[in-house]
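# Structure at a glance
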Amino acid sequence: MSDYRSIACSDHERLEFAALKRQWLDVNLTAGDRAGQQRLMPLDVYTRDGAEWLLAETESGEQLTLRLDWLQF
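For the structure given in this document, a descriptive report is provided here. (Residues numbered from 1 in each chain as written. Predicted model: local features only at pLDDT ≥ 70, side-chain atom pairs only at ≥ 80, totals over all residues. Heavy atoms only, no water.)

## Focus: the overall build of the protein
In terms of helices and strands, the protein carries one helix and five strands. Across the protein, helices and strands are ordered from the amino to the carboxyl terminus as α-β-β-β-β-β. Computed over C-alpha atoms, the radius of gyration of the protein comes to 11 Å, within 12% of the 11 Å expected from 2.2 N^0.38 for 73 residues, which places it in the range of a compact globule. If you line up the protein on its principal axes, its C-alpha atoms span 30 × 25 × 20 Å. Looking at the protein as a whole, 34% of its 73 residues are labelled buried. The contacts in the protein between residues at least 6 apart in sequence include a share of 41% that link residues at least 24 apart. On the protein, roughly 4500 Å² of surface is accessible, and the fraction owed to carbon and sulfur atoms is 43%. Computed over 8 positive and 13 negative side-chain charges, the separation of the two mean positions in the protein equals 3 Å. (Helix = DSSP H or I, 4+ residues; strand = E, 2+ residues; numbered from the N terminus. Rg over C-alpha atoms; globule rule 2.2 N^0.38 Å. Buried < 20%, exposed > 50% of the residue type's maximum accessible area, 1.4 Å probe, protein only. Contact = heavy atoms within 4.5 Å. Areas by Shrake-Rupley, 256 points an atom, 1.4 Å probe, with all protein chains shown as cover. Lys, Arg positive; Asp, Glu negative; His and termini not counted. Charge placed at Lys NZ, Arg CZ, Asp CG, Glu CD.)

## Section: the nonpolar core
With 17 residues, the main nonpolar core has L15, V27, L40, L54, L66, L68 and L71 as its most contacted residues. Contributing elements (two or more residues each) for this core: α1 (9-21), β1 (25-29), β2 (36-48), β3 (51-58) and β4 (63-67). Ranked by the residues each element gives to this core, the list is headed by β3, at four residues. Setting aside residues no more than four positions away along its own chain, V27 makes contact with G36, Q37, Q38, L40, L71, Q72 and F73. (Core = buried A, V, L, I, M, F, W, Y, C linked by side-chain atoms within 4.5 Å.)

Listed below in structure tokens is the structure:
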């Protein structure tokens, strides 16, 4: 995925910590069909196809897979 842009290490660590502690995060999605403010619980952070991804759950229980460079904190 050639257009992927790495996120700051501190933001990556924040996502990993929130996944470990099962903490909700308020984020702004800048791309995708869910663009805008979202409240998410990170479940996993992983690498696939040359990009980093977040598996997260919404307050309604829906699971989303989002590229990390789509997130703003």
